[in-house]
Amino acid sequence: MHNMIIEDERDLDAPIEVPVEVSSPNIEFVENEPIRFQNFLSRFREIRNPEGHFSLRNALIDYLWEEYSNTE
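What you see is a predicted model; the values in this text were computed from it and never measured.

A. Layout of the overall build of the protein. A tally of regular secondary structure across the protein gives two helices and zero strands. Within the protein, buried positions represent 1% of all 72 residues. Of the roughly 8300 Å² of accessible surface on the protein, 56% is carried by carbon and sulfur atoms.

Set out below in C-alpha cells:
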C-alpha cells in the first residue's frame, strides 16, 4: 500500500484566487526591552544551572521524605 502512486488531485482549470490585503497589526514597542530580555536570560540561566537544579531536587526529595515517611 505504501508504494502506491498517488495522482495529483488538483483542479488545473480552477480559477486563481486573488489575495486579499490584510491590515498590519499594531505593534507596541517597549523602551526597556533589552532590560527585560536580560532579566529573562538571567532567570533562564538560573533554571538551567546544574548546581541549582540538583540543590532544588535534593531539597524536594528531603521535603517529600520528611512529609510522607512518618505517616502512620
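B. Up close: helix H2 (residues 50-69). The end-to-end C-alpha distance of H2, which contains 20 residues, comes to 27 Å, matching closely the 28 Å that a straight helix rising 1.5 Å per residue would cover. N-cap assignment for H2: the residue whose side-chain oxygen lies 3.2 Å from the backbone N of Glu51 is Asn49.

C. Structural context of the packing of aromatic side chains. Per the counting criterion, the structure on display carries two aromatic pairs. With centroids separated by 6.2 Å and ring planes inclined at 25 degrees, the aromatic side chains of Phe40 and Phe44 adopt a geometry described as stacked. Of this pair, Phe40 and Phe44 both sit in helix H1 (residues 33-48), four residues apart, which is roughly one turn of the helix. A relative accessible area of 42% places Phe44 in the partly exposed class.

Reading the values: rules and limits
Residues numbered from 1 in each chain as written. Predicted model: local features only at pLDDT ≥ 70, side-chain atom pairs only at ≥ 80, totals over all residues. Heavy atoms only, no water. Helix = DSSP H or I, 4+ residues; strand = E, 2+ residues; numbered from the N terminus. Buried < 20%, exposed > 50% of the residue type's maximum accessible area, 1.4 Å probe, protein only. Areas by Shrake-Rupley, 256 points an atom, 1.4 Å probe, with all protein chains shown as cover. Expected span 1.5 Å × (residues − 1). Polar contact = N/O pair within 3.5 Å; in protein donor to acceptor, adjacent residues only side chain to side chain. Phe/Tyr/Trp six-rings, centres within 6.5 Å; stacked < 30°, edge-to-face > 60°.

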